[in-house]
Amino acid sequence: MQREYAYYDSKSLESILSYAKQLEGSTLRQACHLSGVDDPHARRGSFGNAVEEYYFHYHINSDAEPDFKEVDTELKTTPLKLKKNGTYSAKERLVISMINYMSVVDETWETSSLQKKLHKILLIAYQYDKDLNPVDYLVKLVELWGIPPEDVPTFKKDWNTVVDKVRAGHAHELSGSDTLYLEAATKSSSSKTRTRQPFSPIPAKPRAWAIKPSYMTVVFNGMLDTQRIEREGRDRELDLLSLVKKRFEPYIGLSEDELAEACGYGREGGRKPKNLCALITKHILGVDEHSKIAEFEKAGIKTKTIRLKRDGIPKESISFPAFSYIDLAELEFEDSAFYLQLQQKYLFVVYREDRETKGRYLLSDVLFWQMPDRDLLEAKRCYEEMRRRVLDGHAERSVRSTENRCCHVRPHGRNKEDVLPTPYGSFETKKCFWINARYIGEEIDRVRREQNELTALAVSNRIDRSSVSGRVIRVAELFAGVGGFRLGLEGYSDSCHPEFDMPAAGPYVTVWANQWEPPGIPTRQFAARCYEARFGAGSVINEDIHRVLDEHEAGNIDIPDVDMVVGGFPCQDYSVAKPLSQAQGIVGKKGVLWWDIYRFLQLKNCPRYVLLENVDRLLKSPASQRGRDFAIILSCFASLGYAVEWRVVNGSDYGFPQKRRRVYIFAEKTDAKWDLSTRLDDGVMADAFPAKRVGGEAHVELLADPFDNSERFGVGLKRSPFCRAGVMQDGEVITVDVESVYNGPRRTLGDILVADEEVPDSFYVEEDKLDKWKYFKGGKSEPRVNKRTGFTYQYSEGSMAFPDPTDSPARTILTSEGGGFRLSKQAYRCRWGRALPQVGSRRARSAPGVPEGMDGYRHERHQPSLLHGQRAYCRDTPSHRRGHMQSHVIGRACALNEGGRTRDRF
C-alpha cells in the first residue's frame, strides 16, 4: 500500500486510531473536502471505498491481510439506520472478507485469516440516508473493536459449521440460518454468479464472512440494557447453544409449573405471567428479569415455548403480530414485516406430553431454530396468495394450513370488532400469519435428526480411518454411565488443550451405547444426558435395555454388529429362575441386568471380546451361597463358548491417588485351548496389571448348567472359592490370590488438590454445621430406638477420617455418605456440590482446566457430573466410576489381532 504518512503513522495503532477519531461527528465532505463520489448507488461500498482512498490514502484492495498490516488491524465501515424510537440499528451485516472455498477447508479456526481479522477492527459506523451522496453521511462512531472473549466460542462454532459444510461438498447449501453470530453471506454482482467448490461438482454462490446485523446492533447500542450469561471455568469455551443446554440440563423432566415454582414465579391470582417462558429462561441463564440476554440480542434470538403432544405435533401454531391489509397490498414479500419475522432465530424450549399423565407437559429439550432458506419460498407463496386475495377484495378469505405446508393466516384480534381498514375502504377483523404446528413438529424432528446424523457420520468416519490399517474393533457399551469405558478405549483429545490428551488404547470405535436409570423418569436420566453432551446427539440409547432388546428381537429397531461388548453392570442377585433346558433359555429374576448382557451376546452372535467391571463383592455374594453369583456368570460365558480372565484391581496399588477396588472381567470367544495355569501369569490381566502369586492355585469345577449353579453352588461355604485373580474355560476354573507388583511413581490425595483460593465458597462447610459433620464421621456406640416397633438396640459404627488425610490415596466416596448436598444461593446456576470441611477443604483436581485427576491423566471431568444433588451415575460412586484409566490399561493389553491371542499392543 502507498501511504501518505503525513496524516498518521501506519506503524502505530494509537496514531491510526487518533487520526480516525477525527472523522467522528463529521462527514467526508468536511474531512476530505470532497464534492461527491461518482455513481454513489452503483455499488454499496462507495462510502467505504472513499474512506480508504481519500481519508486513509491507500489503494483499495482485496488482500487477505489486514488493511493496516503493520499493526494487524482491519478497517471496516458499516451503515446505521435511525429507528423511530431514536435508537440506531445496523442496516446490514458487517462483511469481513470473501470465503475461498478451496483453501478454507485446510484451515482451522485458530489459523484462519478471519480469526485474525476479527481480533482487531477499526470500526467506522455512519448514518445511512438514501437521499444523500455518501460524502454527506454523518460518521456516528469510530472505535477499535474486537469480538469479546465470551463470544469467541460461538464465532468458532459458526465458523466450523460453515467450513464443515464446505468440507462435505455442500457449499451450495450454505444458509444464514445455519449460524448465530457469523454467517456465510452471498457476495457477488449477480445472483447467477457461481464458483467452484471442493469435494463437489456442483458450483456454489460466492460468499463472504459477515457478522449478522442483530449482533452489530447490540454492539452499536452499547449493551446498556442487556446482561451477559455468566460463565465460569470451562463454560468460557462453550458456544452459545452448548452453554444454554448445559444451563437447562438440571431442569429436564420438570413441568412448566414446577419450573415456575423452582424459579420463583408462582401463579399470581391463579394466572401465570404471559412471558413466563422468557422469565424462566432468564432465571436459568442467570440474567435479571428486567434485562435482555446479551447473547440473544446479538444473535437476534427470541424465546418460544413449544408443547409437543404425544404424537410429536405441537399443541399450537406460532403466531406473528397482526398485519396491515394496506401494507400487505403495497409491499412485496422481501420488503414485508413477515419476511423479517421469518428470518427470526428462536430458542425453542420444548415440552413433551407425559407418557403417563395426559395434559401434563415436561421439559425435554432446548434448541435453536430458524426457518431454512428452502422453506422461505413456501412461506412466500402463502404471503403472495393472501396479498392477491386482499387486492381482489376478499380480505375475509384466509390462507388455510391445508393450502400451505409452512404457513397460514387466521384472525388474531380480541373479538370481531377488533378490525383494520382494507385497501378498498371496508374493515376486516385483524389477522396475522402463523407457522403451521405440524411444520414446527417436523422441523424439531429435523434438527434432532441432523444432530444424530452428525454423530453417526463422525463414528462412520472413524471406522473408515481405522479400516485403512485393516483393523477396527467396533464396541457396544452397555450400562454406559457417562462413558468411562469409551474414554478409556478410544482416548480423547482437545486441540485447545493438548495437555489433556490421552491416546487410544487401540483401534476401538464405539458404535452403540445404552444407558438407562430406573425408574425411567426424565429427571433421573442424568448420565445419558452427560453422555450425549460429551459424545454427540444420538450417541446413546436412553431406554430400558430389556425393552430395547425386545424391540430388536421383534425386528423393530437395529443394533449394529460389534466385535466387543463393554459395561459396568450393577451388582445384584444373579440367581436363575428357569433352567437352561427350557425353550426360553436362562431367565434371571426380574430387574437383574446381567441377563440382558447375556441376552445381548446371544442376539449379536457372541461378539469376540467382552470387558466388564463390577464391585469386588461379586466374587463372594450372596452370603447364603458364597461365590454363587460369579459362578452363574462364568457358567453363562462357558455355555456361549467364551474363555474368561478376571482380576481384582485397586487403583492405589498401581500409583493412582484413589483406593478403588473393582473386579474386571475379560472374556474371549475362542476355540483355542488355553493353558489355564500359564494364562494366569501371561494373560491380558497379567499384562495390564503386573502381580505376583500369593499362595497356591485353587481349582474349581463349575456345574454345566447355570440353573444348577444357582441352586447348588456354594451351599454351606463360609468363604468364596474365587480368589482375586483367575481364569476359566469350558467350566474349569483356576484361581489364585495375587499382590500387585509396581515400582512406578505413586500419588496421594494431596498431590491432586487445587489451591484453597480456587475452591468456591459453596464447597465449604458452614461453621455451625461442622460439629454435625464430625458426629456423622466419628465412631459411634449408642442406644437407638426402632421408630416402627419401639425396640431399643445398641448401634455401633466405626469412625471415618475427618478430614481425609492428604498424605495417602483418597478413599472411594460412597453414594450414601453423609454430609449432604446443598444448593447455592444463586439457584439458577444449579451448583450442587458435596460440601467439604473448612479444615483441609481443598477438592480433587476434577475441575476443568486443572492438570490431573485421580486417574493420573490430564483431562476435563465429564460435565455436568452432579445434577439435582444426585451423582451422574446413581447406583455407585461418582461420575467417573467407569474407571476409564483401567479401561485404557486393559484395552491396551488386549488390543486385538486376528491371530487369536490378545497380546499385541498399539
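1. Re the packing of aromatic side chains
Move 1: One pass over the full model with this rule turns up 48 aromatic pairs.
Move 2: Residues Y8 and F56 carry aromatic rings whose centres are separated by 5.7 Å and whose planes lie at 75 degrees to one another, so their mutual orientation is edge-to-face. With Y8 in the segment before helix 1 (13-21) and F56 in the loop between helix 3 (46-55) and strand 1 (74-82), this residue pair connects regions lying 48 residues apart in the sequence.
Move 3: Ring geometry for F47 against Y137: centres 5.9 Å apart, planes inclined by 40 degrees, an arrangement best described as tilted.

2. A word on the sheet that holds strand 3 (residues 94-98)
Move 1: Overall, antiparallel pairing links the three strands, which are arranged 3-9-6 in an open sheet. The open sheet has two edge strands with one neighbour each: strand 3 and strand 6 (182-186). Here the average twist between neighbouring strands, direction ignored, is 40 degrees.
Move 2: Two strands pair when backbone bridges link them, and strand 6 and strand 9 (residues 207-211) are joined in this way by five bridges, in the antiparallel orientation. From the neighbouring strand, A185 faces strand 9, where its bridge partner is A208.

3. Notes on the environment of T305
Move 1: Following the sequence through the fold, T305 ends up in strand 12 (residues 301-308).
Move 2: Non-local contacts of T305, meaning those with residues more than four positions away in its chain, are made with C277, V349 and Y351.

4. Things to note about the sheet that holds strand 5 (residues 138-145)
Move 1: Strand order across the open sheet formed by four strands is 2-1-4-5, with mixed pairing between neighbours. Because the sheet does not close on itself, it has two edges, and the strands there are strand 2 (88-90) and strand 5. Across this sheet, the average inter-strand angle for adjacent strands is 30 degrees, counted without regard to direction.
Move 2: Against the sheet, helix 1 contacts strand 4 (121-127) and strand 5, and its axis sits at roughly 165 degrees relative to strand 5.
Move 3: Its contacts with the sheet place helix 7 (residues 213-220) against strand 1, strand 2, strand 4 and strand 5, and it is angled at close to 145 degrees to strand 2.

5. Looking at helix 24 (residues 770-777)
Move 1: Within the span of helix 24, buried status applies to L770, W773 and K777. Down the axis of helix 24, the smallest arc covering the buried residues is 55 degrees, so these residues share one side. Opposite the buried face of helix 24, by more than 90 degrees, sit the exposed residues D771 and K772.
Move 2: Where the residues of helix 24 are buried, they touch strand 31 (780-785).

Reading the values: rules and limits
Residues numbered from 1 in each chain as written. Predicted model: local features only at pLDDT ≥ 70, side-chain atom pairs only at ≥ 80, totals over all residues. Heavy atoms only, no water. Phe/Tyr/Trp six-rings, centres within 6.5 Å; stacked < 30°, edge-to-face > 60°. Helix = DSSP H or I, 4+ residues; strand = E, 2+ residues; numbered from the N terminus. Pairing = 2+ DSSP bridges. Axes fitted to C-alpha atoms, helices over the stretch in contact; angles between N-to-C directions. Contact = heavy atoms within 4.5 Å. Buried < 20%, exposed > 50% of the residue type's maximum accessible area, 1.4 Å probe, protein only. Arc of directions from axis to C-beta.

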